[in-house]
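What the coordinates show
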Amino acid sequence: MEAHLTVGRAAELAGVTVRTLHHYDRIGLVRPSARTAAGYRAYAAGDVERLREVLAYRRLGFGLREIADLVDDPATDAVARLRRLRALTLEQRDRADAMARAIERELEARAMGVRTTPEEQLRVFGAQLYDAIGSAYPATRRTDPRIAARIWEALGDARTVLNVGAGTGSYEPPDREVTAVEPSAVMRAQRPEGAARCVAASAESLPFADGSFDAAMAVSTVHHWPDAVAGLREMRRVARRVVVFTYDASAPGWLERFWLTRDYLPEFADLLVGWPSLADLTQAIGGRAEPVLVPWDCADGFFEAHWRRPEAYLEDEVRRAVSVWTRVGPEAEQRAVGLLREDLATGRWAERNRDLAALDAAELGLRLLVA
Ligand SMILES: C[S@@+](CC[C@H](N)C(=O)[O-])C[C@H]1O[C@@H](n2cnc3c(N)ncnc32)[C@H](O)[C@@H]1O
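Residues numbered from 1 in each chain as written. Predicted model: local features only at pLDDT ≥ 70, side-chain atom pairs only at ≥ 80, totals over all residues.

As annotated in an unreviewed UniProt entry, the chain is MerR family transcriptional regulator from Streptacidiphilus pinicola.

Have a look at this one:
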């Protein structure tokens, strides 16, 4: 019996009331499945694991209904669920740290008679997404050689290259002198041994003098910048040539282009509200946009990468390395994955997307901006 916990003991250890545990039992969230010698209900090891997960989500601020979906998610195994919990917990810690730092800065400023601007007061609540999800990144995100060839060709004869929003260093050309810029500490920490030097800064305010580099590049990052146009202007300021790999959300019917957003995740559209048009982006660097087709076996697991390998989207590891899935929220994610799983099983996906089998590369709105 020693592996079992009575309701009273479980409540005491977890720091919650017995009433709370009874409520979880009543609504089917955590049901103690064992019995004590005297016949009372008790928590077996598996029940305790589930209770721990529920309490952790509770502490992270999730509602009971959302928690029920999360802990019953058939798409994830125990390890994947623990990883998700760890990522969310670290995110909350980082947000609390950032908020404490911002408050300290404001106290110091006030002590010197300076008032912080409204922008400064609100910025701390903005995205620090990659400090939260960045640890899942290296599992599936890496350089695709065909896309790399396009980027490196566009860099021309540049000898010194600034890589903005550099992440773990994918697409950094090995034969040039690279300086990386990356605001997320989690991403910087994951840069491989011997990677180019990396400066902690944001695109919108690059700590370099005008014309410091032959070229500046930015790959799969511009859509994360709070002010994309300002960041691109900064790239233009510090480098003579600018190369940006990004996404065109302004073409008509773009949501329909990819079956994943068309049939399963229309919420993707909400993420791009207010996003500058391709014309705004190219104008910011004074350049042109070229389409980049996504190869069917793309090595870099970005959102569109698995367009001909739909089963990949059922894998937690694949989704966790793509910010879209975190940004749409667990409800939309689970609904989309559930529907896709069903359609793959019934053959409906194959039926609807019959034409894709014959394609080796797809036009899904990815663009190379070159100036
Ligand atoms: C999808 S990752 C791309 C990383 C890398 N360029 C690659 O291709 O693998 C997006 C990166 O942009 C960074 N980022 C977010 N906001 C940024 C900003 N304002 N300025 C520069 N980088 C930013 C994130 O921290 C993250 O590392």
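Now, onward.
Strand order in the open sheet formed by seven strands is 6-5-4-7-8-12-9, and the pairing between neighbours is mixed. The sheet terminates laterally at strand 6 (197-199) and strand 9 (288-291), the two strands that pair on one side only. For this sheet, the mean inter-axis angle between neighbouring strands, taken without regard to orientation, is 20°. Taken together, the five bridges between strand 4 (residues 160-164) and strand 5 (residues 177-181) define a ladder with parallel strand orientation. The partner of N163 across the bridge, within strand 5, is A180. Docked against the sheet, helix 10 (residues 228-238) engages strand 4, strand 7 (213-219) and strand 8 (239-247), running at close to 150° with respect to strand 8. (Pairing = 2+ DSSP bridges. Helix = DSSP H or I, 4+ residues; strand = E, 2+ residues; numbered from the N terminus. Axes fitted to C-alpha atoms, helices over the stretch in contact; angles between N-to-C directions. Contact = placed C-beta atoms within 7 Å.)

Counting buried positions along strand 8 gives eight out of nine residues, so the element sits mostly inside the fold. Once you follow strand 7 into helix 10 and on to strand 8, the crossover reads as right-handed. Sheet topology places strand 8 next to strand 12 (residues 366-370); five bridges connect them, and they run antiparallel. Note on strand 12: the bridge partner recorded for V243 is V370. (Buried ≥ 20, exposed ≤ 12 C-beta atoms within 10 Å, placed from the backbone. Right-handed = clockwise from strand over helix to strand, strands pointing away.)

Turning our attention to helix 10. Within the span of helix 10, buried status applies to A228, G231, L232, E234, M235 and V238. Across the axial projection of helix 10, the buried residues extend over an arc of 155°, all falling on one side. In this fold, the buried residues of helix 10 make contact with strand 4, strand 7, strand 8 and helix 14 (278-285). (Arc of directions from axis to C-beta.)

So, about the site of the ligand. Surrounding the ligand, one finds 21 residues, the nearest of these being Y130, G165, G167, A203 and T221. Partitioning the shell around the ligand into residue classes produces nine nonpolar, nine polar and three charged. (Near = placed C-beta within 6 Å. Nonpolar A, V, L, I, M, F, W, Y, C, P; charged D, E, K, R; others polar.)

So, about the packing of helix 10 against helix 14. Packing of helix 10 against helix 14 brings their axes to within 8 Å, and their N-to-C directions diverge by 25°. As far as their axial angle goes, helix 14 and helix 10 are roughly parallel. For the pair helix 10 and helix 14, the crossing hand works out as right-handed. Residues A228, V229, L232, R233, M235 and R236 of helix 10 touch helix 14, and the partners they reach there are D280, L281, A284 and I285. Tallied by class, residues from the contact of helix 10 with helix 14 come to seven nonpolar, no polar and three charged. (Parallel < 35°, antiparallel > 145°, perpendicular 65-115°, else oblique. Left-handed = near helix turned anticlockwise from the far one by under 90°.)

Here we come to the UniProt feature "domain: HTH merR-type" (unreviewed entry) in the chain. Residues annotated in UniProt with the feature "domain: HTH merR-type" (unreviewed entry) correspond here to residues 4-73. Counting secondary structure, residues 4-73 comes out at 57% helix and 10% strand; the distance between its end C-alpha atoms is 25 Å. (UniProt positions renumbered as here; feature names shortened; annotations may be inferred.)

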